[in-house]
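Chain by chain, the residues run as shown.
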Amino acid sequence: MPRERAAIPQALHLTRLAQSSPGQWVGLPGGELRVLNLSGKLTGDAVTGWLICLNGEAVVDLPQNNFVRLRPGECYRVTANEAWTAFDTKEGSVLLLSVDAG
C-alpha cells in the first residue's frame, strides 16, 4: 500500500506579500504581524511593538524633532503613546510591524 505524501511546506515571502498592496498594511494570519510596501508618507498606528525594515530604507519621524533611519535588518520600538510617521527614502521599501500581544 503506497504511503501518502506529506504536504510540502510553503514559505511566505513577506516583501512580495507587501508589494501586492502598496500603501496598505497586510496582516499575516495567526498573529500580530503586518507588512507594508511603504509608498509615500504613513501615519503610524497607536500601537506598541517593533517596526522592522525588510527592504529599502525608511525614516521614522518622531516627536521633538527626532527621527530614526531604518535600513534592511534594522528595527525601532514604537509605543502607543508616541506619535510617529514613516516615509520611504528608497523605492520598494517594506516594513514589518510586530505588535505586542495583549
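Everything here concerns the structure above.
Residues numbered from 1 in each chain as written. Predicted model: local features only at pLDDT ≥ 70, side-chain atom pairs only at ≥ 80, totals over all residues. Heavy atoms only, no water.

Visitor: It is not clear to me how the sheet that holds strand β5 (residues 58-62) should be interpreted in this structure. Could you clarify?
Guide: Consider a sheet: its strands pair through backbone hydrogen bonds, and that pairing is either parallel or antiparallel. Taken together, the four strands give an open sheet; going across it, the order is β3-β8-β5-β6, and neighbouring strands pair in antiparallel fashion. Only two strands of the sheet have a single partner each, and these edge strands are β3 (41-43) and β6 (66-70). Recorded for the sheet is a direction-independent mean angle of 20 degrees between the axes of neighbouring strands. When β3 meets strand β8 (residues 85-88), the two strands line up antiparallel, connected through three bridges. Within β8, the residue paired with Thr 43 across the bridge is Thr 85. (Pairing = 2+ DSSP bridges. Helix = DSSP H or I, 4+ residues; strand = E, 2+ residues; numbered from the N terminus. Axes fitted to C-alpha atoms, helices over the stretch in contact; angles between N-to-C directions.)

Visitor: Explain the nonpolar core to me, please; I cannot follow it from the model alone.
Guide: Within soluble globular proteins, side chains that are nonpolar generally end up buried alongside one another. Core analysis: the largest hydrophobic core is formed by 17 residues, its most contacted members being Leu 38, Leu 51, Val 60, Leu 70, Trp 84, Leu 95 and Leu 97. Counting residues per element, the ones that place at least two in this core are β4 (49-55), β5, β6 and β9 (94-99). What Leu 38 contacts, discounting residues up to four positions off in sequence, is Ala 58, Ala 86, Phe 87, Asp 88, Ser 93 and Leu 95. (Core = buried A, V, L, I, M, F, W, Y, C linked by side-chain atoms within 4.5 Å. Buried < 20%, exposed > 50% of the residue type's maximum accessible area, 1.4 Å probe, protein only. Contact = heavy atoms within 4.5 Å.)

Visitor: Would you take a moment to explain the pairing of β5 for this structure?
Guide: Consecutive side chains along a regular strand alternate between the two faces of the sheet. Buried residues dominate β5, accounting for four of its five residues. One ladder, built from five bridges, connects β5 with β6; its direction is antiparallel. Pairing of Val 59 across the sheet is with Arg 69, part of β6. Linking β5 to β6, which pair antiparallel, is a turn of three residues; within it Gln 64 sits at a positive phi near 60 degrees. Note: β5 against β8, four bridges, orientation antiparallel. Bridging across to β8, Asp 61 finds its partner in Thr 85.

Visitor: Explain the side chain of Thr 15 to me, please; I cannot follow it from the model alone.
Guide: Inspection of the secondary structure puts Thr 15 in helix α1 (residues 14-19). Residue classification places Thr 15 among the buried positions, given a relative accessible area of 16%. With near-sequence residues (within four places) excluded, Thr 15 lies in contact with Leu 54, Asn 55 and Val 94.

Visitor: How should the environment of Gln 64 be read in this particular structure?
Guide: Structurally, Gln 64 is set in the loop between β5 and β6. The class of Gln 64 is exposed, set by a relative accessible area of 72%. Each C-alpha atom of the pair Gln 64 and Val 99 lies 24 Å from the other, and the pair is 35 residues apart in sequence.

Visitor: Explain the environment of His 13 here, please?
Guide: Counting through the fold element by element, His 13 comes out in the segment before α1. Separated by 3.1 Å, the side chain of His 13 and the backbone nitrogen of Arg 16 make a polar contact. (Polar contact = N/O pair within 3.5 Å; in protein donor to acceptor, adjacent residues only side chain to side chain.)

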